[in-house]
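Here is how the chains run, residue by residue.
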Amino acid sequence: MTTIEALRWPALEYRWGELHFEDVRLSQLAEACGTPAYIYSRRVLCDNYRAYEQALEGRPHLVCYAMKANGNLALLRILAELGAGLDIVSGGELYRARRAGVPADRIIFSGVSKTDREIEEALTAGILMFNVESAQELSVIADIAGRLGKVARIALRVNPDIDPGTHPKITTGMKTNKFGIDVAEVHDLYLDAARDPRLSVVGIQAHIGSQITSRRPHHDACERLCALLDKLRAEGVVIRYLSLGGGLGITYHDEQPPEIGAFVADLCAIVGDRDVTLIMEPGRSLVGHAGVLLSRVLYTKSNDCKNFVMMDAGMTDLIRPSIYDAYHPILPLRENNRPPQLVDVEGPICESTDVLARNRHLPQPRRGDVLAILCAGAYGFCMASNYNDHPRPCEILIEGDRWRLVRARETYEDLVRGEE
Ligand code: LLP
């Protein structure tokens, strides 16, 4: 009997009772590479990227993937080949971006605490622009550019004071957040910057938060940026780029965010026929659904209050459930007809907050089962740590029915590298 059950998540389905990602049986990967393991789908990544490109077709634009969401070199190379730029936030990310072959003139640099060294490196590389987050940072960039005999291309990051209605730990565009420059202050700062020969004002940027599932917040932010753009242009300030940040949410559970195409179309309608290159900085919406984490059940135990399932992956591999109470769907690799059991899915780390799921109904898990933790492509591996001396997992890229290791599992040797 052939059973193919299509799931709600792209490229994932049960075929003959076995969970497949694209055309690869996931249990095969768990056997070949062990667990925990991150598995990525090239197809999902490319489809998401193309959705942005298609929606922006016909107007000057650049999709700068926010590589903090997942910086694996193989994924960056795929996106670079498709024409993507990158949004970076550190010297380390600049290094990684260059290693992946992304041209400097497609790189923009955000972040509230850029060091002098990072600024120098970015100026020397010749990046497209800095997204400047404070008046002080602006003057430091000008000084360093002057010293290097260069002109720094800059956008000011506006803090539009908009509540994006997302988890409070991932809002970035409210007055209480450290990000960006107050709307009231930004206009005068633009005029100062425009007069400074060491600076070239080229853009306006805002990023208001992450996992945003309604249209209103981006809509409002875009309107505010357009109003600022019009005002500055009327005063003779040249603005070539309008960067609307990232932040589009994805479905983890029952959220219903707009599709990428509709989301972008909305913003394009607001920008209208203004002559400006539109930059988007998506992270999660490109890679979130492109990754799953495989983890093995090591033990199960119950008391009169809870059923615990102890896994070989935890907060060191996927920290989102621990710090944002994030929901990640969990599926067994092999379909089975065991009765559903209400369980807490726990990691191996010596912290009570080390959890992958609480109060979840799963077909009764047993020692040795491998579970797939879905929607783990964004802010998964990149937020992993070595706490409790756990080596970080391997990463595997699937293309159709083929797969390859794109990052080896860390070893015990890796854990002590550089120590004496
Ligand atoms: N641009 C800037 C300046 C950003 O700071 C971010 C994300 C993005 C773009 C991409 O946002 P996205 O499209 O991925 O929403 N660790 C958290 C998310 C932190 C997001 C930080 N900034 C999580 O796991 O939910």
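Residues numbered from 1 in each chain as written. Predicted model: local features only at pLDDT ≥ 70, side-chain atom pairs only at ≥ 80, totals over all residues. Heavy atoms only, no water.

**Brief notes about the site of the ligand**
Around the ligand, the structure places 19 residues, and the nearest of them are Ser210, Glu281, Arg284, Arg320 and Tyr379. Between the ligand and Gly247 there is a distance of 2.8 Å, counted from an oxygen atom to a backbone nitrogen or oxygen. Arg320 places a side-chain nitrogen or oxygen 2.6 Å from an oxygen atom of the ligand. The protein chains hide 92% of the 580 Å² of surface that the ligand would expose on its own. (Near = heavy atom within 4 Å. Polar contact = N/O pair within 3.5 Å; in protein donor to acceptor, adjacent residues only side chain to side chain. Areas by Shrake-Rupley, 256 points an atom, 1.4 Å probe, with all protein chains shown as cover.)

**Regarding the pattern of salt bridges**
As enumerated under the stated definition, the model contains 26 salt bridges in all. Across the salt bridge formed by Asp196 and Arg198, the nearest N and O atoms sit 2.9 Å from each other. Between Arg407 and Glu410 there is a salt bridge, with its nearest N and O atoms 3.7 Å apart. Taking the relative accessible area as the measure of exposure, Arg407 reaches 24% and is therefore partly exposed. Judged by relative accessible area, Glu410 falls into the buried class, the value being 11%. Three or more residues are tied together by salt bridges with common partners; here these are Arg42, Glu399, Arg402 and Arg404. (Salt bridge = Lys/Arg side-chain N within 4 Å of Asp/Glu carboxyl O. Buried < 20%, exposed > 50% of the residue type's maximum accessible area, 1.4 Å probe, protein only.)

**Details of helix α6 (residues 135–148)**
Taking 1.5 Å of rise per residue, 14 residues should cover 20 Å, and α6 covers 20 Å from first to last C-alpha, within 8% of that figure. Glu137, Leu138, Ile141, Ala142, Ile144 and Ala145 are the residues of α6 that are buried. At its buried positions, α6 is contacted by α5 (116–125), β9 (129–132), β10 (152–159), α7 (183–195) and β12 (199–205). Directly after α6, the chain includes Gly149, whose backbone phi takes a positive value near 70°. (Helix = DSSP H or I, 4+ residues; strand = E, 2+ residues; numbered from the N terminus. Expected span 1.5 Å × (residues − 1). Contact = heavy atoms within 4.5 Å.)

**Concerning unusual backbone geometry**
For the bond from Thr35 to Pro36, the omega torsion is -5°, close enough to zero to count as cis. You can see Pro36 is positioned in the loop between α1 (26–33) and β5 (37–41). Unlike most non-glycine residues, Glu22 shows phi in positive territory, near 50°. Tracing the chain through its elements places Glu22 in the loop between β3 (18–21) and β4 (24–25).

**Section: the pairing of strand β2 (residues 12–15)**
Side chains Leu12 and Tyr14 of β2 all project onto a buried face; the interleaved residues Glu13 and Arg15 project onto the opposite face, where all are buried too. In terms of strand pairing, β2 meets β3 through four bridges, oriented antiparallel. Of the residues in β3, the one forming a bridge with Glu13 is His20. Here β2 folds back onto β3, and the loop between the two strands holds two residues, one of which, Trp16, carries a positive phi near 50°. (Pairing = 2+ DSSP bridges.)

**A few points about the domain arrangement of the chain**
Taken domain by domain, the chain consists of domain 1 (3–41 + 288–416) and domain 2 (110–282). Placing a centre on the C-alpha atoms of domain 1 and another on those of domain 2 gives a separation of 35 Å. Counting residues at the interface gives twelve residues for domain 1 and eight residues for domain 2. When domain 1 packs against domain 2, the two sides together hide about 900 Å² of surface, and 55% of this comes from carbon and sulfur. The interface formed by domain 1 and domain 2 holds zero salt bridges in total. Our enumeration of links across domain 1 and domain 2 arrives at four residue pairs in polar contact (both at pLDDT 80 or more). A per-class count over the side of domain 1 that touches domain 2 returns seven nonpolar, three polar and two charged. (Domains from an automatic or database assignment. Buried area = accessible area lost by both parts, 1.4 Å probe. Nonpolar A, V, L, I, M, F, W, Y, C, P; charged D, E, K, R; others polar.)

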